[in-house]
Every structure is written in C-alpha cells, then in structure tokens.
Amino acid sequence: MDSTRTIVYSHVMEIILASGNRHKLFELKEILTDHTLLLPEDIGISFDFEETGTSFLENSQGKAFALFNKISRPVLADDSGLIVEALNGEPGIYSARYGSVNGIELEAPARNIYLLDKLQGESNLSAEFICCMSLILDKNRFFVAQESFKGEITRESTGINGFGYDPIFFLPEYGKTVAELPEKEKNKISHRGKAGYRIAKLLEEL
Ligand code: IMP
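Computed from a prediction, not measured in an experiment: that's the story for all the values here.

A. Spatial organisation of the overall build of the protein chain. Of regular secondary structure, the protein chain possesses five helices and seven strands. Mapped from its N terminus to its C terminus, the protein chain presents α and β elements in the order β-α-β-α-β-α-β-β-β-β-α-α. Over its C-alpha atoms the protein chain spans a radius of gyration of 18 Å, differing by no more than 12% from the 17 Å that the globule rule assigns to 206 residues. For the C-alpha atoms alone, the extent of the protein chain along its principal axes is close to 70 × 35 × 25 Å. Taking all 206 residues of the protein chain together, the buried fraction comes to 44%. Taking as baseline every contact in the protein chain between residues at least 6 positions apart, the subset at least 24 positions apart corresponds to 58%. By element, 49% of the accessible surface of the protein chain is carried by carbon and sulfur atoms, the whole surface being about 10,900 Å². Of the side chains in the protein chain, 22 bear a positive and 31 a negative charge, and the two mean positions are spaced by 4 Å.

B. Examining the environment of Thr177 more closely. Mapped onto the elements of the fold, Thr177 is located in strand 7 (residues 176-177). With residues up to four places along the chain from it excluded, the contact list for Thr177 reads Thr154, Thr158, Gly159, Asp166, Pro167, Phe169 and Phe170. There is a polar contact of 2.7 Å between the side chain of Thr177 and the backbone oxygen of Thr158.

C. Fine view of the pattern of salt bridges. Considering all chains together, one arrives at 15 salt bridges under this definition. Residues joined in a network through salt bridges with shared partners are Lys24, Glu27, Asp78, Asp166, Lys186 and Arg192.

D. Here's a closer look at the site of the ligand. The environment of the ligand is formed by 18 residues, the closest being Lys24, Glu51, Asp166, Lys186 and Arg192. Within the side chain of Arg111, a nitrogen or oxygen atom sits 3.1 Å from an oxygen atom of the ligand. Its free accessible area being 490 Å², the ligand has 92% of it covered by the protein chains. Assessed atom by atom at 2 Å from the grid points, the ligand resides in the largest pocket. Those elements that provide at least two residues to the shell around the ligand are strand 3 (75-84) and helix 5 (191-205). Per-element tally for the shell around the ligand: the top contributor is strand 3, with four residues. Looking at the shell around the ligand residue by residue, the class counts come to four nonpolar, five polar and nine charged.

E. Broad picture of a nonpolar patch on the surface. A cluster of nonpolar residues, Leu57, Phe142 and Val144, forms a patch on the protein surface that exposes about 240 Å² of accessible area. Within the secondary structure, Leu57 sits in helix 2 (residues 56-71). Among the residues examined, Leu57 registers a relative accessible area of 41% and is labelled partly exposed.

Scoring rules and cut-offs
Residues numbered from 1 in each chain as written. Predicted model: local features only at pLDDT ≥ 70, side-chain atom pairs only at ≥ 80, totals over all residues. Heavy atoms only, no water. Helix = DSSP H or I, 4+ residues; strand = E, 2+ residues; numbered from the N terminus. Rg over C-alpha atoms; globule rule 2.2 N^0.38 Å. Buried < 20%, exposed > 50% of the residue type's maximum accessible area, 1.4 Å probe, protein only. Contact = heavy atoms within 4.5 Å. Areas by Shrake-Rupley, 256 points an atom, 1.4 Å probe, with all protein chains shown as cover. Lys, Arg positive; Asp, Glu negative; His and termini not counted. Charge placed at Lys NZ, Arg CZ, Asp CG, Glu CD. Polar contact = N/O pair within 3.5 Å; in protein donor to acceptor, adjacent residues only side chain to side chain. Salt bridge = Lys/Arg side-chain N within 4 Å of Asp/Glu carboxyl O. Near = heavy atom within 4 Å. 1 Å grid on protein atoms, 1.4 Å probe; cavity = no way out; pocket = protein on both sides within 12 Å on 5 of 7 lines; lining within 4 Å. Sits in = over half its atoms within 2 Å of the grid points. Nonpolar A, V, L, I, M, F, W, Y, C, P; charged D, E, K, R; others polar. Patch = residues over 30% accessible without salt bridge, like charges linked within 9 Å, V, L, I, M, F, W, Y side chains within 5 Å.

Next up, the structure:
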C-alpha cells in the first residue's frame, strides 16, 4: 500500500506556527483571520530550533521545514529581527540573543538598554525591522514573503505595547514608538503585518 499521505486543504486551514513566541502568534492571528493558528505546544509538540542560518530567509525556511518534517501539517515560520544602520546591521539575525552572555539570553528590557548604550553619541539612528515568513503546505509546496519596516532607534525606552525592541523603535511620522501604538495599528504597517498580509492573500487565492 502506498504510504504517501495526500494532504487536502479546505479554505479554513489549521496552521502551526514554528515558534514559541505568543506575541508573534497574537499579531499573526489578527492577520490570518480565516485560519486557525496554533503554536506547537498547543498540539502537544515540543519544538525548538537552533538558528544556524546566515540570513532571515535561511532561518525562516530552516524553522519551517524542521517543524513540517516533524508533523506533516501546514506550517508557518517567522524569522524576524532588527537591523541598525550605525551598528553595521546588528543585531540582525541575532536579535533574539543580542547581548547574551554564556548562552543566557537577556530579557527584552535589558537587551534594549544594551542596544541603546551601543548607540550613545551616535547621530545616525536609522533602523529597520525585517520579517521573513515561510508557509509550507507540503514538502514541494512552499511560499516565502519578506518585508521590512523602517524607523529610528530612540534614546530611551517608551511605551508598553508589543514586544522586544518595540519600546525603542520610533516612527517619526507617528511621533511614537511602536510600543505606544495600538496593536492593530502596528499590524497595518509592521514587517510582520505586511509579510503576513501577503501570506493571507496567497492562501485566499489557492
Ligand atoms: P526570532 O524568534 O529569531 O525571529 O527572533 C526575533 C527577535 O527579533 C525577537 O525576539 C525580538 O527581539 C525581535 N523582533 C522581531 N520582531 C519584532 C517586533 O515586531 N517588535 C520588536 N522586536 C521584534
């Protein structure tokens, strides 16, 4: 008997996000509203991925396929991070572990202070967030969208919404940091919001 599984997709899909980050899940749920998005732990799977890629694309694809190979179900992966011009693109793909010592990651507020310290006396504060999103439907059917979100690093942390670097990412056209924006507003303009929107459109057209 042929053991190959045929995966049939209906309009509403259950998609597993290759992440443990509930903030990402929360933001993506607001965009992929036609579908059910879950974390691996929500379906009783433990998932951890060591990011060894040299780009957001490699890490996004790596995460997505690592989970897909485990569960053979539709998977979405988001690899994202912050690029600071004056720091030659740091923290970039290392955004989650920036400033960590002996493999112990800093909490976001400490990481933000670490980054602000590095920029003391620097006049170029240009920065951008990147999000590379990979949707795997089957081992030979996958889609990628990468988007960016430009802004400036602030001198001090402000605001309580969002996560990660949001309190130090300032949007001149709003006169606010991302952490001062309502979540829905962030999604309309953010790297993740825009990449997620592309994936949502693609799913709609399948
Ligand atoms: P990843 O899990 O390797 O994709 O790590 C992404 C890291 O980049 C997060 O832990 C955050 O520190 C940062 N990051 C990505 N997207 C955002 C965002 O929308 N706001 C703030 N920080 C973000």
